[in-house]
Amino acid sequence: MTLQAALPRELYVDPGAWDREREQVLLHEWTCVGRVADLGLHEPERVAVVEALGESLVVTSDAGGALHAAYNVCRHRGSQLFPTEPGSEPQLCAAKSIRCPYHSWTYALDGSLLRAPHTEEGEIEPPEFRLHTVGVEAWGGFVFVHPTPNGVSPLAGNVDRATQTLAHYDLASLVTGLTLTYDVAANWKVIAENYNECYHCGPVHPELSRLVPSFAGGGRGLDWDAGIPHREGAWTFTMTGTTDRSPLPGLDEDERLRHKGELVYPNLMLSCSADHVAAFTLRTLAVDRTAIDCRLLFHPSEVSKPSFDPSDAGDFWDMVNRQDWAICESVQRGMSSRAYTHGWFAPMEDDSADIRRWLLPRLGDAGD
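Note that this is a predicted model, so its numbers are computed, not measured.

### Topic: the state of the cysteines
Counted by the stated rule, this structure contains one disulfide. Sulfur-sulfur distance for the disulfide between Cys198 and Cys201 comes to 1.9 Å. Every disulfide takes its handedness from the sign of the S-S torsion; for Cys198 and Cys201 that torsion is -95 degrees, giving left-handed. Here Cys198 and Cys201 have matching classes, each one buried. You can see Cys32 has no disulfide; the closest cysteine sulfur is in Cys294, sitting 13 Å from it. Note on Cys272: no disulfide assigned, nearest cysteine sulfur contributed by Cys294 at a separation of 12 Å.

### Overview of the packing of helix H4 (residues 188-195) against helix H8 (residues 311-335)
The interhelical angle for the contact between H4 and H8, taken along N-to-C directions, is 130 degrees, at an axis separation of 10 Å. Taken together, the axis directions place H4 and H8 in an arrangement best described as oblique. Considering the relative orientation of H4 and H8, their crossing is right-handed. Contacts between H4 and H8 involve Val190, Ile191 and Asn194 on the former and, on the latter, Asp324, Trp325, Ile327, Cys328, Val331, Gln332 and Met335.

### Concerning the sheet that holds strand E5 (residues 67-71)
Pairing in this open sheet of four strands is antiparallel, and the strands run E5-E4-E3-E6 from one edge to the other. Taken across any chain shown, the strands that pair with only one partner, and hence form the sheet edges, are E5 and strand E6 (91-94). Recorded for the sheet is a direction-independent mean angle of 20 degrees between the axes of neighbouring strands. Examined bridge by bridge, strand E3 (residues 46-52) and strand E4 (residues 55-61) share seven bridges and lie antiparallel to one another. Its bridge partner being in E4, Val47 is matched across the sheet by Thr60.

### As for the sheet that holds strand E11 (residues 142-146)
A sheet is described by the order of its strands in space; here three strands give the open sequence E2-E11-E10, paired in antiparallel fashion. The outermost strands of the open sheet, each flanked by one partner alone, are strand E2 (31-35) and strand E10 (135-139). The mean angle between the axes of side-by-side strands here comes to 30 degrees, regardless of whether they run parallel or antiparallel. Pairing of E10 with E11 involves five bridges; the strand directions are antiparallel.

### Some thoughts on the pattern of salt bridges
If the charged atoms of two oppositely charged side chains come close together, the side chains can form a pair. If you walk through the whole model with that rule in mind, you get 18 salt bridges. Salt-bridge contacts for Glu43 lead to Arg46; the nearest nitrogen and oxygen are separated by 2.7 Å. Residue Asp354 is joined to Arg357 by a salt bridge in which the shortest nitrogen-to-oxygen separation is 2.3 Å. With a gap of three residues between them, Asp354 and Arg357 both fall in helix H9 (residues 354-363), about one helical turn apart. On the basis of relative accessibility, which here comes to 42%, the residue Arg357 falls in the partly exposed class. One continuous salt-bridge network, built from bridges that share partners, spans Arg22, Glu23 and Glu55.

### Concerning the environment of Pro86
As for its placement among the helices and strands, Pro86 is situated in the loop between E5 and E6. A C-alpha to C-alpha distance of 7.9 Å links Pro86 and Ser56, two positions 30 residues apart in sequence.

### Quick notes on the packing of aromatic side chains
Across all of its chains, the model carries 14 aromatic pairs by this definition. Their ring planes at 55 degrees and their centres at 6.5 Å tell us that Tyr195 and Phe280 sit as a pair that is tilted. Placement of the pair is Tyr195 in helix H4 and Phe280 in strand E16 (residues 276-286), with a sequence separation of 85 residues. Judged by relative accessible area, which is 3%, Phe280 ranks as buried. A centroid spacing of 6.4 Å and a plane angle of 85 degrees characterise the contact between Phe316 and Trp317, whose relative ring orientation is edge-to-face. Looking at Phe316, the relative accessible area reads 2%, which means it is buried.

Reading the values: rules and limits
- Residues numbered from 1 in each chain as written.
- Predicted model: local features only at pLDDT ≥ 70, side-chain atom pairs only at ≥ 80, totals over all residues.
- Heavy atoms only, no water.
- Disulfide = S-S within 2.5 Å.
- Buried < 20%, exposed > 50% of the residue type's maximum accessible area, 1.4 Å probe, protein only.
- Axes fitted to C-alpha atoms, helices over the stretch in contact; angles between N-to-C directions.
- Helix = DSSP H or I, 4+ residues; strand = E, 2+ residues; numbered from the N terminus.
- Parallel < 35°, antiparallel > 145°, perpendicular 65-115°, else oblique.
- Left-handed = near helix turned anticlockwise from the far one by under 90°.
- Contact = heavy atoms within 4.5 Å.
- Pairing = 2+ DSSP bridges.
- Salt bridge = Lys/Arg side-chain N within 4 Å of Asp/Glu carboxyl O.
- Phe/Tyr/Trp six-rings, centres within 6.5 Å; stacked < 30°, edge-to-face > 60°.

So, to be careful, I would describe these as geometric facts and stop short of saying anything about function.
Written out as structure tokens, the structure is:
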């Protein structure tokens, strides 16, 4: 059995390595910041202030419903347009324009400068003082931002696999029925690698493995394109493996009985059951700390029912999530030991090794 060396220790525990990774890689990638509807951006003339990779960003929908995004920084003296503390929850509001609270410079929702009071005699050229632009696109009902948008490739290239394999789930039509939020003391790559393999499922997730028996075998040779079958009589991720909710419309026969999953690098993990989708958004806070929002998405016809109760799926996911986060925090503590230099990937963990193939070319010399 051939083992492959995993990423070196410093890429998980060293603050300097994290700073390089953030500056050289993550700030140059499309990053998911939430759901369009949850941020209020499904309606025109709305503003959402979100945080991504330590940067405060303003995302807007203009009068025509088009999305725009910019840094939360006034071009005059650098005040935040919307004062916010690091780590704050998103701020949402309706607005026809954005006015800086310091000197009342005012911007249109597309970031262009509208007014700069008491500068009538100066030489201000409004086009030169638009807000610092951030790339923004929507896919599957999710909002993605790109903090370094000049010359960036469209988001479609990042989500092409998920677009194909999850097409029948119609992600854009689903609505959030329950949100579970966690603060995990682990590097985001530990969490992503853990999601991308099922070698750990047998020892860490006994309940999940009873629901999906093939997970207990280490995960080698699973056909993720076709989906992973549940045990006989089960067809979704709940404690019983069943629910009174209907399967999502549009699923094929296999998808009504199987589970599918995708990881959209760097921070969106999707786990699709027949009646709901669990969407995990990773918010990297530090080299050893990651906030995770787990949104359970359902068909709107189910959520609108007076009897709607997502707790059967919520209880199951909260149990599985806490098992995952506990083992990830244990991995992070172990990696912090002086005894650790790097790990190894067994053959059934080959998908986890993808993080090396994704990250190292983007790091360049910093990853050698």
